[in-house]
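Below are the chains, spelled out letter by letter.
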Amino acid sequence: MSVNENLATTANYLLYGSMASYTVAFLGFTLDLAGGAARAERVALASAPQRELAAVGAQGPLRDDAPTAPPVVPPARRKAAGIGVSLTLLAVLLHVAAVAVRGVATQRPPWGNMYEFATAGSAVVALVFVATLRWRDLRYLGTFVIGPVLLMLGLAVTVLYTRAGQLVPSLKSVWLAIHVSVAFISSALFTIAFSLTVLYLVQERRERSGAAKRSFMDALPRARELDLASYRLHAVAFPLWTFTLVAGAIWAENAWGRYWGWDPKEVWTFVIWVVYAGYLHARATRGWQGRKAATLALAGYGCILFNFLVVNIFFVGFHSYAGVS
Amino acid sequence: MSATPADPSTEPAPQLPRLGPVGTVRFVWRQLTSMRTALFLLMLLAVAAVPGSVLPQRGVNPGQVTAYFQTHPGTAPWIDRLGGFDVYASVWFSAIYLLLFVSLVGCVLPRTRQHLRAMRSQPPAAPRRFERMPAHREVEVDASPDEVLRAARAVLGSRRYRVRADGSELSAERGYLRETGNLVFHLALLGLLLAVAAGHLLGWRGDVVVAVGDQFSNTSVAYNSLNAGPWVDVSALPPFQLDLDRLDVAFEQRGPQQGQPRDFRATVTSRAAPGAASQRSVVEVNHPLQVDGASVFLLGNGYAPVITVRDAKGTELYSAATPFLNQDGNYTSVGVVKVVGAARQIGLQGLFLPTVAFSDGRLPVSVFPDLKNPALALTPFVGDLGLSSGQPQSVFVLDTAKMQRLQGRDGKPVRLLMAPGDTAQLPDGLGSVTFDRVERYAGFSVRHDPGRVWALASAIAAMVGLGLSLFVPRRRVFVRARPVESRDGSPRTVVETAALARGEDTGLDDELDRLIAALRPQRHTTLEEAPA
Ligand code: HEM
């Protein structure tokens, strides 16, 4: 069971390629957002005659207080976003290939140390994003998803890099594959949900203060929609995180003879779970809906970052397999 | 708790308490079981769990706690008094989660009662004004009111609504499983807590080191350390036995991760009781052995040099595979030999190095964890081993308080450095020490946890409940049919529909659209069709 060094090198090159592609995609999405302000202006201008047309077309009386349909953004104008999507697709292909080739090179699931966690985890974030694009136009989120992915990859190749190797025995388990892959998907959803929550908070603030200043935020959905979208992602991510917790406990039981031992890593997985449970609770608690609940979601994501970046490296425990020296 | 599904804040508005003890108790209880308190306690629980990840914990690593006392002599006793080294057993941490669970019971029981009642009763009557509902539609159709209501009933029934007819109105409700799931989730958390508690009270866990070729019998004295819950009778542990037949260990031989452990595998023969049928099995790091209600885990391994001590006449005083504890990734290991049969008790303090390397002037070190060039360094002591004091002693520590180092003829302390097969004479006619060979030992952790299965069952129930609670839509739909006369004088029916949901539900408009599409096979005049 040795490592195929050639393949491991190939995996690294694939990863660099995907990073380059992500970078251009990131620029594309950002340009698109920047153009969004101008677009929103056009829409505002265009919507007045549209309303009259609608009134003529309708057979009954049109009530004045009926909410107007959300502004329809002319589809053909978003070339930069299109470039963003195409290059994200290319980048995801290269990225997934890099992870897969690393797995073939080491002949094991390619998530045995922090470098591999970061590369595989960010691949899942990007994959989830690309998948949601198929049924929802979330291109406005591109900057806020591809940005973190790039950051994570940058961190991986600079700080966390670990040469391909085999695993210590306690990591050899099917539960590793299950526990870690579900943790990835869940974290990926939490990441996108986090971006949406930030956008919600900004948008909510603008709406509350009746901001007249034009900004790229005009191109984004309204606060209420951003909030709902973020809730739905959280509502999927939370059960997956619950599963991660349970699968981790089963693995710990198999490997160390106790399903729960308050090891620093376990503590933080628990803290994250409790904070997000608090978020879901807050949404159903009078006086806590809206901004306050969103703050809890931000706190939850802060815990996820802390867990990955600080606990893995600085807190020693049973789980000390970061592989970073 | 409001019964309206649309009201997401499932708590009653705070009421001022009536004076008097009963009123006060009721007020406190209501506060404790409110959503706001539950939220506060949840957040408090998250914050309270954090110190345990920063400070060393006795339950996780007692050695680190001792070290912390040495490096922080000023603050450590204070942290200890506040429970900082036993966070998860501390009064304050326990208080938080116990209050949380009291709140949970107080919240879930009334909701369960209410839910059971709701499941047995009809949906509530339709409200007077549909425009107030989160979604509503109004259309005019050709069919008669009766036909419309019949069709609506069929559609709603096929979409698994429970339907109640009330003259010209229908009210329908679906998704009772959402609330069921939510209750199951919260009750399962309670079950999880009880299962963990059962494990603490009724479970036990022991650690033992067994050399290859040796046998282990499951009695409390055989363990190097044993932790048992307060309700466990340690004199009546299940009487199984275990022989360690083989231990295979593999390390990375080359590359950047040279020396990293790759594979541990213990081959054992187990019997449920002495004399019972035996069974051969393999224990690996992620594959414990189940025997007689207990699980045997392979957690560690190391070297047990076989050491023989003879007196001057050649009589054997001590001969055993002696486990040495490894100190680093290259298995530099320390251990001791205690010889009591001689006139003067002998103690040997040892350092075992699987692959020895010398650097001048310093202690030899091990440079690889596998047996490539094994060496044993021993420092002999004579005197009183302190075994008669009645104090329990660790087999890995030599109490040298009442012993002297043996000195050679040159007056320097004696140090023996041996390879397998070597024999060295002790000075002063004390006899000889032989390093016969090296065996490996396995570090087993044996555990019995009667709460384990219940914990898993509760966790699974909680996940199922959570899924239902988050993804089953709970909706109410109302339909009203009213006859009207159209402009050309023919009789027509105005159908009003409305819907509301519990929690966030973006599917209400679609639900009404579907319903209306079914009531209206071909397109008719639209009176008003704005999504509310
Ligand atoms: C051990 C502590 C608790 C945890 C971890 C917890 C967790 C959760 C989670 C994750 C949810 C969201 C799932 C859903 O929407 O159905 C939820 C919902 C809910 N919880 Fe808890 N909970 C706890 C204690 C409590 C307590 C003490 C109460 C009562 C005061 C309570 C009342 C509720 C209610 C009413 C909902 C439903 C909210 C809705 O309708 O959306 N929970 N809980």
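Since we're looking at a predicted model, the values are computed, not measured. (Residues numbered from 1 in each chain as written. Chains lettered and ligands numbered in written order. Predicted model: local features only at pLDDT ≥ 70, side-chain atom pairs only at ≥ 80, totals over all residues. Heavy atoms only, no water.)

S.K.: Just checking my understanding: could you explain the overall build of chain B for this structure?
M.R.: The secondary structure content of chain B amounts to ten helices and 24 strands. In summary, chain B has a C-alpha radius of gyration of 37 Å against a globular reference of 24 Å for 532 residues, an excess of more than 25%. On the principal axes, the C-alpha backbone points of chain B span a range of 130 × 60 × 50 Å. The buried share among the 532 residues of chain B stands at 45%. Total accessible area computed for chain B in this model is approximately 26600 Å², and 56% of it derives from carbon and sulfur atoms. When the 55 positive and 48 negative side-chain charges of chain B are each reduced to one mean point, those points stand 4 Å apart. (Helix = DSSP H or I, 4+ residues; strand = E, 2+ residues; numbered from the N terminus. Rg over C-alpha atoms; globule rule 2.2 N^0.38 Å. Buried < 20%, exposed > 50% of the residue type's maximum accessible area, 1.4 Å probe, protein only. Areas by Shrake-Rupley, 256 points an atom, 1.4 Å probe, with all protein chains shown as cover. Lys, Arg positive; Asp, Glu negative; His and termini not counted. Charge placed at Lys NZ, Arg CZ, Asp CG, Glu CD.)

S.K.: Honestly, the pattern of salt bridges in this entry has me stumped. Any pointers?
M.R.: Where charged atoms from two side chains of opposite charge come close, those side chains can pair. Residues and elements named next belong to chain B. Per the counting criterion, the structure on display carries 32 salt bridges over all chains. Note that Glu-169 is salt-bridged to Arg-480, the shortest N-O span being 2.9 Å. With a gap of 311 residues between them, Glu-169 in strand β3 (residues 169-174) and Arg-480 in strand β23 (residues 475-485) connect regions that are remote in the sequence. Across the pair, exposure class does not vary: Glu-169 and Arg-480 are buried alike. Close ionic contact of Glu-284 with Arg-265 constitutes a salt bridge, the shortest N to O distance being 3.8 Å. (Salt bridge = Lys/Arg side-chain N within 4 Å of Asp/Glu carboxyl O.)

S.K.: How should I be thinking about the sheet that holds strand β5 (residues 215-217) of chain B in this particular structure?
M.R.: The strands making up a sheet are joined through hydrogen bonds of the backbone, oriented either antiparallel or parallel. Residues and elements named next belong to chain B. Strand order across the open sheet formed by four strands is β5-β7-β8-β9, with antiparallel pairing between neighbours. In the strand order of this sheet, the two ends are held by β5 and β9 (278-284), each with one partner. Shown here is a sheet whose adjacent strand axes are inclined to one another by a mean of 30°, direction ignored. (Pairing = 2+ DSSP bridges. Axes fitted to C-alpha atoms, helices over the stretch in contact; angles between N-to-C directions.)

S.K.: It is not clear to me how the coordination of the iron atom of the ligand should be interpreted in this structure. Could you clarify?
M.R.: Each donor-metal-donor angle would ideally measure 109.5 degrees in four-coordinate tetrahedral geometry, or 90 or 180 degrees in six-coordinate octahedral geometry. The protein atoms donating to the iron atom of the ligand are His281(A) (NE2) and His186(B) (NE2), with metal-donor distances spanning 1.9 to 2.0 Å. Each of the six donor atoms bound to the iron atom of the ligand contributes to angles spanning 85 to 178°, and the resulting shape is octahedral. Here His186(B) lies in helix α8 (residues 176-202) and His281(A) lies in helix α7 (residues 264-283), a pairing that spans two chains. Accessibility expressed as a relative area gives 18% for His281(A), which makes it buried. (Donors = N, O, S within 2.8 Å, 3.2 Å for Na, K, Ca; no water. Tetrahedral: all angles 85-135°; square planar, octahedral: opposite > 155°, others 65-115°.)

S.K.: When you look at the packing of aromatic side chains in this model, what are you seeing that I'm missing?
M.R.: Any aromatic ring pair is given by two values, namely how distant the centres are and how the planes are angled relative to each other. In this structure the tally under the stated criterion is 26 aromatic pairs over all chains. Ring plane angle 75° and centroid distance 6.2 Å describe the contact between Phe29(A) and Phe129(A), whose orientation is recorded as edge-to-face. Pair noted here: Phe29(A) is in helix α1 (residues 5-57) and Phe129(A) is in helix α3 (residues 114-133), with a separation of 100 residues, a long-range link. An angle of 70° between the planes, with centres 6.5 Å apart, marks the rings of Phe251(B) and Phe368(B) as edge-to-face. Of this pair, Phe251(B) sits in strand β7 (residues 241-251) while Phe368(B) sits in the loop between β17 (365-366) and β18 (375-383), and the two are 117 residues apart along the sequence. Each member of the pair, Phe251(B) together with Phe368(B), is buried. Put simply, the rings of Trp260(A), Trp262(A), Phe270(A), Tyr88(B), Phe93(B) and Tyr97(B) pair up and form one aromatic cluster. In this structure, Lys372(B) packs its charged tip against the face of Phe368(B), placed 4.1 Å from the ring centre. (Phe/Tyr/Trp six-rings, centres within 6.5 Å; stacked < 30°, edge-to-face > 60°. Lys NZ or Arg CZ within 6 Å of the ring centre and 35° of its normal.)

S.K.: I would appreciate a short explanation of the site of the ligand in the present structure.
M.R.: If you check the shell around the ligand, you find 25 residues, and the closest are His281(A), Cys107(B), Asn182(B), His186(B) and Ser469(B). More than one chain reaches the ligand: the nearby residues come from chains A and B. Residue Asn182(B) places a side-chain N or O atom 2.7 Å away from an oxygen atom belonging to the ligand. Sorting the residues of the shell around the ligand by element identifies α7 of chain A together with α2 (35-49), α6 (91-120), α8 and α9 (452-471) of chain B as the ones contributing at least two each. Counting residues per element, the shell around the ligand draws most heavily on α6(B), which supplies five residues. For the shell around the ligand, the class distribution of residues is 15 nonpolar, eight polar and two charged. (Near = heavy atom within 4 Å. Polar contact = N/O pair within 3.5 Å; in protein donor to acceptor, adjacent residues only side chain to side chain. Nonpolar A, V, L, I, M, F, W, Y, C, P; charged D, E, K, R; others polar.)

S.K.: Looking at this structure, I do not really get the pairing of strand β1 (residues 135-141) of chain B. What am I missing?
M.R.: Residues and elements named next belong to chain B. A large share of β1 lies buried, amounting to seven of its seven residues. Note that β1 and strand β24 (residues 491-501) share seven bridges and pair antiparallel. Directly across from Arg-137, in β24, lies its bridge partner Thr-497.

S.K.: Would you take a moment to explain the packing of helix α6 (residues 223-256) of chain A against α7(A) for this structure?
M.R.: Residues and elements named next belong to chain A. Packing of α6 against α7 leaves a shortest axis separation of 10 Å and a crossing angle of 150°. Judged by the angle between their axes, α6 and α7 are roughly antiparallel. Considering how the two elements wind past one another, α6 and α7 form a crossing that is left-handed. The residues of α7 that touch α6, namely those facing Asp-227, Ser-230, Tyr-231, His-234, Phe-238, Trp-241, Thr-242, Leu-245, Ala-252 and Trp-256, are Glu-266, Thr-269, Phe-270, Ile-272, Trp-273, Tyr-276, Ala-277, Tyr-279, Leu-280 and Arg-283. Residues that form the contact of α6 with α7 fall into these classes: 13 nonpolar, four polar and three charged. (Parallel < 35°, antiparallel > 145°, perpendicular 65-115°, else oblique. Left-handed = near helix turned anticlockwise from the far one by under 90°. Contact = heavy atoms within 4.5 Å.)

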